[in-house]
Amino acid sequence: MMKSTAYLALAVATVFLCTALLWMGTARAGTLLPDAPQFLDSGTVMKPNVVLNPNPVVDDKVIRLGDLFENVGKNSHVVVAPAPTLGLKAIYDAKWLTTIARSHNLSWKPMGAYDHAVVERASQTIIFSDIKAALLAAIAKEKDGKSFEIELDNRNLKFHVPVTADLRLSVNNLVIDDRMGRFTATIITPDAKSERATGRIYEVAKIPVLRHQVKPGETIAKGDINWIKARSRDVQDSTLTRPEQIVGMTPRRWFRPGIPLRDGDLRRPVMIKKNASVRILLKVPNMTISMKGRAEEEGSLGDTVRIMNTKSQRVIDAIILNSNTVQVPADGSGNPAAQQAWAR
């Protein structure tokens, strides 16, 4: 009896072992294990999963299936929607994407209600400065070399053009109203779109200014001059507009570089200081009298200042000729005797 029981247990163990070996063999063959490679009955590998592209960028006028989803195979070029306007974006939600996927038999489902795709239309941007440059060039042809500047009414003006387009703009229908100081024009983009541009025109004057600070008393040289542009309407009548009005002069006080100077801001450099010794010239018929004197006040070249004859202690007005010479002007009475009496 014991021997029969032992034979029975051995048989059960053998059957169990064979079953286990059989299960392991079939698992290795790929019929049960979930991680086994996926093959179709024909022996070809299954297609990869369809994946949503959440941020596609398109450079065409339409959106294709392959722009929204990856791994769609030969259907990638199927058109599903118009592309957004150049430079703009369009948002497609999970419901719309699901409808598109089902209508084209794609094995895709959203992970949640907030899944979406943001499609951007690729473009180049023609910025405000480029538009202004095109208008300046067009207006310059009508202004015969006159200096001017413009101010557009729409400072946010810009264009989006295809990525392959030339960035050059055309300006048509230019109208300039000199009396009102305004202009209108039509801007044509490389892709034949047009936009109306309006603005003001300002005539510009070139103004000489100090390049750097010049100390009062120092003589302004040509190299100290710089040029700036200013709107003509803002230039006052007292503004110094010619370099010869500045060169050779000296500031009466400190001035910030780059600002326009006006009458009264400059003076001729002091040539003779107060109490300086000078040589006085007095011209009378057939002779010139020279004597010593002292300046009672400072003055510049060409100024008339009071000078004392150090011998007679008499004071008379004289014109500064140079740093140490003054000349007594001719007596208005025409009486040489009066002048000679002063010289004694």
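Residues numbered from 1 in each chain as written. Predicted model: local features only at pLDDT ≥ 70, side-chain atom pairs only at ≥ 80, totals over all residues. Heavy atoms only, no water.

Colleague: Would you explain the side chain of R231 in this entry?
Modeller: By secondary structure assignment, the location of R231 is in strand β14 (residues 225-231). Only 3.3 Å separates the side chain of R231 from the side chain of E151, close enough to count as a polar contact. Dropping the residues within four chain positions of it, R231 is found in contact with E149, E151, Y202, E203 and V204. (Helix = DSSP H or I, 4+ residues; strand = E, 2+ residues; numbered from the N terminus. Polar contact = N/O pair within 3.5 Å; in protein donor to acceptor, adjacent residues only side chain to side chain. Contact = heavy atoms within 4.5 Å.)

Colleague: Help me understand the side chain of T198, please; the structure alone is not making it clear to me.
Modeller: As for its placement among the helices and strands, T198 is situated in strand β13 (residues 194-210). Overall, the relative accessible area of 19% leaves T198 in the buried class. Polar side-chain contacts of T198 include one of 2.6 Å to the side chain of D153. Among residues more than four places away in sequence, those in contact with T198 are L152, D153, R182, F183 and T184. (Buried < 20%, exposed > 50% of the residue type's maximum accessible area, 1.4 Å probe, protein only.)

Colleague: What exactly am I supposed to notice about the nonpolar core here?
Modeller: Most often, soluble globular proteins have nonpolar side chains that are buried together. In terms of nonpolar packing, the biggest core is built from 20 residues, with I63, L68, F69 and L97 touching the most fellow members. Here this core takes three residues from helix α3 (residues 94-103), the largest share from any one element. Here F69 is in contact with V50, V51, L52, N53, L97, I100, A101, L106 and W108, once residues within four sequence places are set aside. In this structure, A134, I139, I150 and I187 belong to the second largest nonpolar core, which totals 19 residues. (Core = buried A, V, L, I, M, F, W, Y, C linked by side-chain atoms within 4.5 Å.)

Colleague: Got a minute to help me understand the packing of aromatic side chains in this structure?
Modeller: Each aromatic ring pair is characterised by the separation of its centres together with the angle its planes make. Under the defined criterion, the tally for this structure stands at two aromatic pairs. Ring geometry for Y92 against W96: centres 4.4 Å apart, planes inclined by 35°, an arrangement best described as tilted. For Y92, a relative accessible area of 14% puts it in the buried group. Positioned above the aromatic ring of W227, the side-chain terminus of K206 is 5.6 Å from the ring centre. Stacked on the ring of Y202, the Lys or Arg R231 has its end atom at 3.7 Å from the ring centre. (Phe/Tyr/Trp six-rings, centres within 6.5 Å; stacked < 30°, edge-to-face > 60°. Lys NZ or Arg CZ within 6 Å of the ring centre and 35° of its normal.)

Colleague: Where do I start with the sheet that holds strand β19 (residues 287-295) in this structure?
Modeller: Backbone-to-backbone hydrogen bonds join strands into a sheet, with any given pair of strands oriented parallel or antiparallel. With respect to topology, five strands assemble into a closed barrel ordered β18-β19-β21-β22-β23, the strand pairing being mixed. Averaged over neighbouring strand pairs, the angle between their axes works out to 55° when direction is ignored. Across three bridges, strand β22 (residues 315-322) lies against strand β23 (residues 325-328) in antiparallel orientation. Note on β23: the bridge partner recorded for I319 is Q327. (Pairing = 2+ DSSP bridges. Axes fitted to C-alpha atoms, helices over the stretch in contact; angles between N-to-C directions.)

Colleague: How should the sheet that holds strand β2 (residues 57-58) be read in this particular structure?
Modeller: As summarised here, the arrangement of the three strands in space is β2-β7-β6, forming an open sheet in which the pairing is mixed. Edge positions in the sheet fall to β2 and β6 (89-93), since each of these pairs with one other strand and no more. Two strands pair when backbone bridges link them, and β6 and strand β7 (residues 116-121) are joined in this way by five bridges, in the antiparallel orientation. Bridging from a neighbouring strand, K89 pairs with E120 of β7. Where α3 meets the sheet, its contacts fall on β6 and β7, and the angle it forms with β6 comes to roughly 75°.

Colleague: Would you explain α3 in this entry?
Modeller: Along α3, the residues classified as buried are A94, L97, T98, I100 and A101. The buried residues of α3 occupy an angular sector of 165° when projected down its axis, which confines them to one face. Among the exposed residues of α3, those pointing more than 90 degrees away from its buried face are K95 and R102. If you follow the buried residues of α3, they end up packed against β1 (51-52), α2 (65-68), β4 (69-70), β5 (79-82), β6 and β7. A positive phi of about 55° marks N105, the residue just after α3. (Arc of directions from axis to C-beta.)

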